[in-house]
Amino acid sequence: MKHHQKPTSYATQSEWYSDHFQTLTSASSDSILYTYDAAYPGFAAALSPSEVESLRQSDAVLGVYEDTVYTLHTTRTPEFLGLDTELGPWTGHSIQELNQASQDVIIGVLDTGIWPESMSFNDVNMPNVPSRWRGECQAAADFDPKNHCNKKLIGARFFSRGYAMAVSGEGENELQSPRDNDGHGTHTASTAAGNLVRNASLLGYAKGNARGMATHARIAAYKVCWKSGCLGSDILAAIDRAILDGVDVLSMSLGGGSAPYSRDTIAVGAFAAMEKGIVVSCSAGNSGPAKASLANVAPWILTVGAGTIDRDFPAFATLGNGKKFTGMSLYSGKGMGKKMVELVYNKGSNSSSNLCMPGSLDPKIVRGKVVLCDRGVNARVEKGAVVRDAGGVGMILANTEESGEELVADSHLLPAVAVGRKVGDVIREYLKTEKRATAVLSFGGTVVNVKPSPVVAAFSSRGPNMVTPEILKPDVIGPGVNILAAWSQAVGPTGLAKDKRKTQFNIMSGTSMSCPHISGLAALLKAAHPEWSPSAIKSALMTTSYTVDNTNSSLRDAADYSLSTPFAHGAGHVDPHKALTPGLVYDATPEDYISFLCSLDYTIEMIQTIAKRPNITCAKKFRDPGQLNYPSFSVLFGKSRVVRYTRELTNVGVAGSVYQVLVEAPRNVVMSVKPSKLVFRNVGDKLSYTVTFVSQKGVSPLRNAFGSISWTNAQYQVKSPVAFSWTRL
């Protein structure tokens with residue numbers, strides 16, 4: 001709605017929306033599911049096609065859009081990130097002071113709800129809830145605010161009106177409650193800000209201390225995801241509420257495809273949050289290693305990809321020919337014993353038996369044997385259940401070309417080992433040539449200090465950014481493979497209905513897991529620097545991130561172990577120590593983002609949907625979206641061989657700081673920066689530089705190339721990746 005046109009006769013926007021809606025349609029006011037306030041200038045309603053048309057014709061309406069379905073992007077990390085050691089002098093403050101400051105920071109998690117009894121949400125020794133908090137815990141049949149919320153878990157709400165409308169008739173049996181019956185929301189919330197729990201493990205694996213990134217911050221859970229997904233109208237209602245409740249950080253491990261920002265519910269809600277000073281951290285998606293597979297690419301969102309940590313769960317497949325192969329598993333039962341048993345592959349009743357799809361295996365052939373199953377199509381843990389139900393005693397889960405060499409550990413229901421594509425091909429060849437193939441599986445527990453790490457996860461979604469190619473995404477990567485965190489007691493570790501095991505903690509992988517790591521780090525930065533904008537916090541995390549692994553080599557990509565690029569890892573892997581004192585930041589205001597939107601040639605109506613301003617003129621539009629003061633660069637050589645951008649840096653380090661520029665350019669691009677030296681007299685000073693990129697004549701253009709621009713002195717290195725493209729995808 002053009003919400004600034006509300007007649008004065010109406011006390012509230014929602015009264016006007018309801019009245020206007022009923023005047024134009026034959027629907028009753030019950031058809032309105034939500035009226036939004038802080039996050040969106042309008043309402044969500046159930047409409048017939050003719051009602052949609054009559055609303056579209058109204059002068060007071062900016063646009064009418066169909067609701068969209070978003071999906072989830074499905075504990076050694078504090079140590080891997082260096083958070084278990086003293087955080088070093090954050091401009092003269094101690095870790096105790098940072099912990100104390102972070103007690104005032106509130107992280108809102110939009111997910112599948114929360115399991116409040118988890119020890120990760122214990123509030124022992126926590127001071128009173130910040131007085132500015134306006135949120136609440138909603139009562140439900142299985143959720144008692146008095147007993148289930150505390151000084152740690154300070155909010156728990158649920159939003160299901162859009163979902164109920166979308167699945168009407170199918171989803172009736174889900175209890176309307178903030179309680180997490182899936183596990184995902186409990187896992188993400190505890191990763192961001194869970195309290196320290198000693199001796200945590202998944203059935204003995206990954207034993208040790210489990211803790212969130214900001215152990216002293218508060219958590220507010222907003223349940224927006226149900227059995228069949230998360231509806232945009234519910235997500236928007238939760239963002240709206242979270243802004244009014246007073247959260248400081250919003251963590252969303254969910255997303256859809258890429259769409260223009262005005263049609264992307266998460267992007268629209270996130271803009272309103274950013275204007276209120278809230279950092280919005282979202283997962284990049286699990287559609288890698290395919291190119292251009294990102295979700296949540298709006299520049300006012302912190303877009304998070306996933307990497308590995310230095311911990312593995314080795315398991316072994318030994319074949320009858322004596323060859324022993326290493327894979328990965330979280331199987332925790334009594335095992336197979338030492339005796340070789342027959343190994344079979346693709347022996348079944350239909351063409352999907354190689355994938356071990358439900359109903360595809362013939363029990364007569366499989367009983368008492370180990371089955372080789374190809375990865376892909378159905379869930380990895382489901383394949384194991386299919387083998388077990390057909391009488392199989394073990395499974396080798398072999399990658400195909402699609403998943404390459406990447407291994408993800410699963411808590412299988414029967415002895416099972418996951419292996420990469422190369423090993424998978426060797427075993428498939430063995431099965432072809434050996435009359436009676438045999439195998440035995442064994443399990444190696446937990447191993448740490450694995451090298452190399454981090455490695456970019458193959459599933460982590462990749463750039464380039466299809467909505468705005470001039471903005472490099474993802475922004476950063478964080479730990480997202482085999483992460484131990486709290487779990488719901490309503491479901492077993494595999495999430496399968498057949499899995500009757502219960503565990504307080506579970507090991508999960510996905511950009512869903514890396515996103516809350518970054519949300520928790522953003523909360524620490526917010527505690528250390530309450531005056532910083534969301535853009536400054538994002539800049540600090542990006543420009544201080546690293547691009548080498550623990551063997552001091554450039555980051556690799558788990559898909560094929562080739563060198564990773566900024567389209568996979570963004571600015572690099574986060575480094576919390578350095579992010580606390582970045583030296584300089586690239587800041588941006590809501591007005592800058594409006595100039596950015598104007599440069600995309602969106603209509604004024606589209607921009608008003610996102611920015612909710614009455615009179616946007618686009619007088620200050622950028623000549624190109626890449627002019628946004630962003631901490632990274634994505635250069636498109638189109639008709640012109642020359643691209644020029646100006647950036648502004650703000651000194652958040654010390655007075656009298658001098659920085660020199662250092663550029664790394666690919667062989668076919670010349671990069672020049674003016675000036676090459678920046679002298680900041682005072683803290684808070686802002687200085688600009690201009691960088692010119694020239695694509696050289698006569699050098700055959702690559703599809704993509706990469707470089708970097710760093711501003712350095714003895715104390716700080718402020719580094720920005722640069723991606724170059726010669727053709728638009």
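The chain carries the name Subtilisin-like protease in an unreviewed UniProt entry, which gives Penstemon davidsonii as its organism. As recorded by UniProt, the Sequence similarities (unreviewed entry) comment attached to the chain reads in full: "Belongs to the peptidase S8 family."

1. Comments concerning the overall build of the chain
When you go through the chain residue by residue, the secondary structure sums to 18 helices and 35 strands. For the chain, buried positions account for 60% of its 729 residues. Accessible surface for the chain amounts to roughly 28,000 Å². Of this, 50% is attributable to carbon and sulfur atoms. For the chain, the distance from the average site of its 71 positive side-chain charges to the average site of its 63 negative ones is 7 Å.

2. Thoughts on the sheet that holds strand β31 (residues 669-674)
Here we have 4 strands laid out as an open sheet, ordered β27-β29-β33-β31, and antiparallel in their pairing. Every other strand in the sheet has two partners, leaving β27 (584-585) and β31 as the edge strands with one partner each. Bridge analysis of β27 against strand β29 (residues 642-651) gives 2 bridges, and the strand direction is antiparallel. Each bridged residue has a counterpart across the sheet, and for Leu584 the counterpart in β29 is Asn651.

3. Focus on the UniProt feature "domain: Inhibitor I9" (unreviewed entry) in the chain
If you check UniProt for "domain: Inhibitor I9" (unreviewed entry), the listed places come out as residues 1-73 in our numbering. Note that residues 1-73 is 27% helix and 15% strand, and that its end C-alpha atoms are spaced 31 Å apart.

4. Considering helix α2 (residues 49-56)
What α2 keeps buried is the set Glu51, Val52 and Leu55. Angular distribution of buried residues about the axis of α2 spans 105 degrees; they occupy a single face of the element. Across from the buried face of α2, at angles greater than 90 degrees, the exposed residues are Pro49 and Ser50. Its buried side turned inward, α2 meets α1 (13-24).

5. Quick word on the pattern of salt bridges
What the rule picks out here adds up to 23 salt bridges. Between Arg428 and Asp425 there is a salt bridge, with its nearest N and O atoms 2.7 Å apart. Of this pair, Arg428 and Asp425 both sit in helix α12 (residues 421-433), separated by 3 residues, roughly a single helical turn. Under the relative-accessibility criterion, Arg428 is labelled buried at 13%. A residue is classified by how much of its surface remains accessible, and Asp425, at 35% relative accessible area, is partly exposed. For the salt bridge of Lys621 with Asp601, the shortest nitrogen-to-oxygen distance reads 3.1 Å. On the criterion of sequence distance, the pair formed by Lys621 in the loop between α18 (604-611) and β28 (633-636) and Asp601 in the loop between α17 (590-599) and α18 is long-range, its members being 20 residues apart. Residue Asp601 is classed as exposed on the basis of its relative accessible area, which comes to 61%. Linked by salt bridges that have partners in common, Glu136, Arg157, Arg241 and Asp245 make up one network.

6. A word on the packing of aromatic side chains
One pass over the full model with this rule turns up 23 aromatic pairs. Their ring planes at 50 degrees and their centres at 6.5 Å tell us that Tyr261 and Tyr602 sit as a pair that is tilted. Here Tyr261, found in the loop between β12 (254-255) and α9 (265-275), pairs with Tyr602, found in the loop between α17 and α18; they are 341 residues apart in sequence, far enough to count as distant. Among the residues examined, Tyr261 registers a relative accessible area of 1% and is labelled buried. Directly above the ring of Trp115 sits Arg179, whose terminal nitrogen or CZ lies 4.5 Å from the centroid. Lying across the ring of Phe633, Arg647 places its NZ or CZ 4.1 Å from the centre.

7. Considering the sheet that holds strand β8 (residues 218-223)
Judged by pairing direction, the sheet is parallel, and its 7 strands sit side by side in the order β5-β8-β4-β11-β13-β14-β24 without closing on themselves. With one partner strand each, in any of the chains shown, β5 (153-158) and β24 (476-479) form the two edges of the open sheet. Pairwise comparison of adjacent strand axes, ignoring direction, gives a mean angle of 25 degrees for this sheet. Where strand β14 (residues 302-307) and β24 come together, 4 bridges link them in parallel fashion. Its bridge partner being in β24, Gly305 is matched across the sheet by Ile477.

8. Quick notes on the packing of α9 against α17
One way to put it is that α9 packs onto α17 with a least axis distance of 10 Å and a crossing angle of 150 degrees. Between α9 and α17, the angle falls in the class roughly antiparallel. Judged by residue contacts, Phe271, Met274 and Glu275 of α9 engage Pro590, Tyr593, Ile594 and Leu597 from α17. A class-by-class count of the residues in the contact of α9 with α17 yields 6 nonpolar, no polar and 1 charged.

9. Observations regarding the environment of Arg613
If you trace the backbone, Arg613 turns up in the loop between α18 and β28. Judged by its relative accessible area of 24%, Arg613 is partly exposed. Setting aside its immediate chain neighbours within four residues, Arg613 contacts His4, Glu275, Pro590, Glu591, Ile594 and Gln608.

10. Some details on α18
Every buried residue belonging to α18 is among Ile607, Gln608, Thr609, Ile610 and Ala611, and all of these are buried. Contacts from the buried residues of α18 go to α9 and α17. Within two residues after α18, Lys612 carries a phi angle of roughly 55 degrees, on the positive side.

11. As for the pairing of strand β32 (residues 677-680)
Side chains Leu678 and Phe680 project from β32 onto a buried face, and the interleaved Lys677 and Val679 project onto a face without burial. Bridge count between strand β30 (residues 657-664) and β32: 4 bridges; the pairing is antiparallel. In the sheet register, Tyr659 faces β32, and the bridge partner there is Leu678.

12. Here we look at empty space enclosed by the protein
Its volume calculated, the second largest cavity comes out at about 60 Å³. Forming the boundary of the second largest cavity are Ile278, Val279, Val280, Trp300, Ile301, Leu302, Pro534, Ser535, Lys538 and Tyr593. The set of elements that each furnish at least two residues to the lining of the second largest cavity consists of β13 (279-283) and α14 (534-543). The biggest single contributor to the lining of the second largest cavity is α14, with 3 residues. Its residues placed into classes, the lining of the second largest cavity shows 8 nonpolar, 1 polar and 1 charged.

13. Section: unusual backbone geometry
Ser453 connects to Pro454 through a cis peptide bond whose omega is -5 degrees. Inspection of the secondary structure puts Pro454 in the loop between β23 (447-448) and β24. In this structure, Pro675 follows Lys674 across a cis peptide bond, with omega equal to -10 degrees. Residue position: Pro675 is located in the loop between β31 and β32. Phi at Val377 takes a positive value of approximately 70 degrees, unusual for a residue other than glycine. Turning to its location among the elements, Val377 is positioned in the loop between β19 (370-374) and α11 (380-389).

Reading the values: the criteria
- Residues numbered from 1 in each chain as written.
- Predicted model: local features only at pLDDT ≥ 70, side-chain atom pairs only at ≥ 80, totals over all residues.
- Heavy atoms only, no water.
- UniProt positions renumbered as here; feature names shortened; annotations may be inferred.
- Helix = DSSP H or I, 4+ residues; strand = E, 2+ residues; numbered from the N terminus.
- Buried < 20%, exposed > 50% of the residue type's maximum accessible area, 1.4 Å probe, protein only.
- Areas by Shrake-Rupley, 256 points an atom, 1.4 Å probe, with all protein chains shown as cover.
- Lys, Arg positive; Asp, Glu negative; His and termini not counted.
- Charge placed at Lys NZ, Arg CZ, Asp CG, Glu CD.
- Pairing = 2+ DSSP bridges.
- Arc of directions from axis to C-beta.
- Contact = heavy atoms within 4.5 Å.
- Salt bridge = Lys/Arg side-chain N within 4 Å of Asp/Glu carboxyl O.
- Phe/Tyr/Trp six-rings, centres within 6.5 Å; stacked < 30°, edge-to-face > 60°.
- Lys NZ or Arg CZ within 6 Å of the ring centre and 35° of its normal.
- Axes fitted to C-alpha atoms, helices over the stretch in contact; angles between N-to-C directions.
- Parallel < 35°, antiparallel > 145°, perpendicular 65-115°, else oblique.
- Nonpolar A, V, L, I, M, F, W, Y, C, P; charged D, E, K, R; others polar.
- 1 Å grid on protein atoms, 1.4 Å probe; cavity = no way out; pocket = protein on both sides within 12 Å on 5 of 7 lines; lining within 4 Å.
- Points joined across faces, edges and corners; volume = space filled by probe spheres on them.

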